[in-house]
Amino acid sequence: MVGRVGVAQVRIVMEKGVTLRHMMTHTSGIANHYNLGAYKPGLTNDDVLQILLKQEELDFQPGEKYSYSNGAYVLLAMIIENSVKCSDIVAVGRKVGKK
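Reading the values: rules and limits
- Each chain carries its own residue numbering, running from 1 in the direction its sequence is written.
- Per-residue local features of the predicted model are confined to residues with pLDDT of at least 70, and side-chain atom pairs are confined, for both listing and counting, to 80 or more; whole-chain, interface and lining totals are unaffected and use all residues.
- For the side-chain quantities, the full set of heavy atoms in the structure was used; hydrogens and water were omitted.
- pLDDT measures the predictor's confidence residue by residue and takes values from 0 up to 100.
- Think of it this way: any DSSP run of H or I at least four residues long counts as a helix, any run of E at least two long counts as a strand, and we number them from the N terminus.
- Residues count as neighbours in contact if any of their non-hydrogen atoms are within 4.5 Å of one another.
- Where helices are involved, their axes are fitted lines through C-alpha atoms of the stretch in contact, as for all axes, and angles between N-to-C directions lie from 0 to 180°.
- For this classification, under 35 degrees means roughly parallel, over 145 means roughly antiparallel, 65 to 115 means roughly perpendicular, and everything else is oblique.
- Should the near helix be turned counterclockwise from the far one by less than a right angle, the crossing is left-handed, whereas a clockwise turn marks it as right-handed.
- Amino acids outside the nonpolar list (Ala, Val, Leu, Ile, Met, Phe, Trp, Tyr, Cys, Pro) and the charged list (Asp, Glu, Lys, Arg) are all regarded as polar, and Gly is one of them.
- Throughout, nonpolar core names a set of buried Ala, Val, Leu, Ile, Met, Phe, Trp, Tyr and Cys residues whose side chains join them through atoms within 4.5 Å.
- Only protein chains enter the accessibility calculation, which uses a 1.4 Å probe. A residue is then buried if its area is under 20% of the maximum for its type, exposed if over 50%, and partly exposed in between.

Overview of the confidence of the model for the protein chain
- Chain-level pLDDT for the protein chain is 77 on average; 72% of the residues reach the 70-or-more range.
- At the level of individual helices and strands, the protein chain shows its lowest average pLDDT in helix α5 (residues 86-98), which scores 59, and its highest in helix α2 (residues 20-24), which scores 89.

Concerning the side chain of Asn 32
- Summarising the element assignment, Asn 32 is placed in the loop between α2 and α3 (45-53).
- Apart from residues no more than four positions distant in its own chain, Asn 32 is found in contact with Asp 59, Tyr 68, Ser 69, Asn 70 and Gly 71.

Some points on the packing of α3 against helix α4 (residues 70-83)
- It is the contact of α3 with α4, at a shortest axis distance of 10 Å, that shows an interaxial angle of 120°. On the basis of their axis angle, the class for α3 and α4 is oblique. Once α3 is placed against α4, the crossing between them reads as left-handed. In this structure, α3 contributes Asn 45, Asp 46, Val 48, Leu 49 and Leu 52 to the contact, and α4 contributes Gly 71, Val 74, Leu 75, Ala 77 and Met 78.
- In the contact of α3 with α4, the residues fall into 7 nonpolar, 2 polar and 1 charged.

What to know about the nonpolar core
- Counting residues in each nonpolar core, the largest one holds 13 residues, and the members touching the most others are Val 13, Val 18, Met 23, Ile 30 and Leu 75.
- For this core, the elements supplying multiple residues, two or more each, are α3 and α4.
- The element that contributes the greatest number of residues to this core is α4, accounting for 6 residues.
- In contact with Val 18, other than residues within four places in its own chain, are Val 13, Met 23, Ser 28, Ile 30, Leu 58 and Pro 62.

Remarks on the side chain of His 33
- Residue placement: His 33 occurs in the loop between α2 and α3.
- His 33 sits in the buried class, given a relative accessible area of 4%.
- Beyond its immediate stretch of four places on either side in the chain, His 33 contacts Ala 38, Leu 43, Val 48, Asn 70, Gly 71 and Val 74.

Here is the structure:
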């Protein structure tokens, strides 16, 4: 189960000028956690979040360039999970399953 992303964690990223669009388009500057040595079996999203929060600087200024980042996608997943009600996820899954 993925842990909760607190307002403080999201604020840390947003204060650096990172938007959700930056994260979705791999232009955020958030490190790819694999490049930080975080690729062990059983790694949780919470583990990745803690690793990312220890990074004092972004890899580059948001929007400056493209660089694939699993770390940004992990953060996005955690934000979505904590923003959407479980019933909404089930409803989407049912619709997708019918197609």
